Amino acid sequence: MSSISRRKLITAGIAATAGVAGVGAAWRLGRSAGLVPPDCRSAFGAGATLTYGAQRLLTRHSMAREFPRSMISKAPFGNELAPPPEEFKRLQAGGFADWKLTVDGMVAHPLTLSPSDLRRFPVRSQITEISCEEGWSYIAEWIGTPLYEVLHEAGVLPQARYIVYRSIEPFWWDSLDMADAMHPQTLLTYAMNDGELPVRFGAPIRLRVPRQLGYKSMKFIVRLTATDSMKNFGKGLGSASPEVGYSWYAGI
Ligand SMILES: Nc1nc2c(c(=O)[nH]1)N[C@H]1C(S)=C(S)[C@@H](COP(=O)(O)O)O[C@H]1N2
Ligand SMILES: [Mo]
């Protein structure tokens, strides 16, 4: 059977099974095809499994829309932030020179990178839209290095299935599957539009994930951990989001 017709079959199967036999059957079918998100057992798990499974089968390699420079928003909307932790203020006072991005977990060579180390990786930029689930969005240019460049340098092991990422803000941690972690538009950014990345937008390092909703584009990144299971992270649902009612997978 060609891979396309197999995909159609699995997609149709997951959808039909969910309709007829409910969540449990959809979950088992999705799991057998490797298409179950980590938060499948949470309150909205059935919907999340259908969305994630269908998107992974049909749009795994698709690109987020990129825009011409003329469409960059004049006044990008920076979402409100909680007061920064003391540690952040200390690092900011030193111009973020002592900021550390740790790369660990299932990697052959754990790394510790400063913002200037990150600038030595290949530079990519993209003009994409960021959309908050609360209904607003803006278009900006983000400049940085693809996440896959850093993962490649660290020698991420083939067993790894997720990249967990953490902000210096304690509540904020999340994860991507390898399809999004290795996607060419997933960038570790340090600049935006015509300048450095402003603190409001996540300086010194922000992960931009343009194929998903705004909350996956986390600010103030301090750690990346490769793992084959989400079991030992938080409540095991893949990120802090499902713990407060948002889906782990936020594809758009
Ligand atoms: N560390 C951190 N990252 C974060 C947030 C946050 O409060 N703290 N907010 C998220 C949410 S909900 C959205 S919609 C976007 C907002 O991005 P913006 O400020 O560039 O509009 O950042 C995401 N990343
Ligand atoms: Mo958001």
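Summary of the structure given here. Within every chain, residues take consecutive numbers counted from 1 along the sequence as written. Labels follow written order: the first chain is A, the first ligand is 1, and so on. Owing to the predicted nature of the model, reporting of local features is limited to residues with pLDDT of at least 70; listing and counting of side-chain atom pairs is limited to 80 or more, with chain, interface and lining totals taken over all residues. Here the side-chain values reflect all heavy atoms present in the structure, with hydrogen atoms and water set aside.

Notes on a nonpolar patch on the surface
Then step 1. Think of a patch as exposed residues, more than 30% relative accessible area, with no salt bridge, where like charges cluster within 9 Å and nonpolar side chains (Val, Leu, Ile, Met, Phe, Trp, Tyr) cluster within 5 Å. In short, Shrake-Rupley with a 1.4 Å probe defines the accessible areas, and a residue's cover is counted only from the protein chains shown. Salt bridge, as used here: a side-chain nitrogen of Lys or Arg that lies within 4 Å of a carboxyl oxygen of Asp or Glu. Side chains of Phe171, Trp172, Val244 and Tyr246 sit close together on the surface and give an oily, nonpolar patch of about 380 Å² of accessible area.
Then step 2. Helix and strand assignments follow DSSP, with helices taken as H or I runs no shorter than four residues and strands as E runs no shorter than two, numbered in order from the N terminus. Here Val244 shows up in the segment after β10 (221-227).

Some points on the pattern of salt bridges
Then step 1. Tallied over the entire structure, the rule returns 10 salt bridges.
Then step 2. Of the charged contacts in the structure, one is a salt bridge between Lys216 and Asp174, with a shortest N-O distance of 2.5 Å. A residue pair is termed long-range when its members are at least 10 positions apart, and Lys216 in the loop between β9 (206-208) and β10 and Asp174 in strand β6 (residues 173-177) qualify at 42 residues. The same class applies to Lys216 and to Asp174, which are both buried.
Then step 3. In this structure, Arg211 engages Asp180 in a salt bridge whose closest nitrogen and oxygen atoms are separated by 2.7 Å. Here Arg211 is found in the loop between β9 and β10, whereas its partner Asp180 is found in helix α7 (residues 178-181), with 31 residues between them in sequence.
Then step 4. Looking at Arg211, the relative accessible area reads 10%, which means it is buried.
Then step 5. What you see here is one network of salt bridges that share partners, running through Arg56, Asp177, Asp180 and Arg211. Only protein chains enter the accessibility calculation, which uses a 1.4 Å probe; a residue whose area is less than 20% of its type maximum is buried, one above 50% is exposed, and one in between is partly exposed.

Considerations on the packing of aromatic side chains
Within a pair of aromatic rings, the relevant descriptors are the distance that separates the centres and the angle that separates the planes.
Then step 1. Side-chain rings of Phe, Tyr and Trp (the six-membered ring for Trp) are treated as a pair once their centres are within 6.5 Å; stacked means planes under 30 degrees apart, edge-to-face means over 60, and tilted covers the remaining angles. Inspection of every chain in the model, using the stated rule, returns 13 aromatic pairs.
Then step 2. On the numbers, 5.4 Å between centres and 70° between planes, the contact of Tyr52 with Trp248 is edge-to-face. A residue pair is termed long-range when its members are at least 10 positions apart, and Tyr52 in helix α3 (residues 45-59) and Trp248 in the segment after β10 qualify at 196 residues.
Then step 3. Looking at Tyr52, the relative accessible area reads 6%, which means it is buried.
Then step 4. Residue class for Trp248 comes out buried when judged on its relative accessible area of 2%.
Then step 5. Between the aromatic rings of Phe88 and Phe220, the centroid separation amounts to 4.9 Å while the plane-to-plane angle is 65°, which identifies the pairing as edge-to-face. Here Phe88 is found in helix α4 (residues 86-93), whereas its partner Phe220 is found in the loop between β9 and β10, with 132 residues between them in sequence.
Then step 6. Counting every residue linked through ring pairs, the aromatic cluster contains Tyr52, Tyr162, Trp248 and Tyr249.
Then step 7. Positioned over the ring face of Trp142 is Arg208, at 4.1 Å from the centre of the ring. We call a charge positioned over a ring when the NZ of a Lys or the CZ of an Arg lies within 6 Å of the ring centre and within 35 degrees of the ring normal.

Brief notes about the environment of Trp173
Then step 1. Structurally, the position occupied by Trp173 is in strand β6.
Then step 2. With a relative accessible area of 9%, Trp173 lands in the buried category.
Then step 3. Distance from Trp173 to Arg223, taken between C-alpha atoms, is 9.4 Å for residues 50 residues apart in sequence.
Then step 4. Each residue touching Trp173, except ones within four places of it in the same chain, is listed here: Val164, Tyr165, Arg166, Met218, Met230, Phe233, Gly234, Gly238, Ser239, Ala240 and Glu243. We call two residues in contact when some of their heavy atoms are within 4.5 Å.

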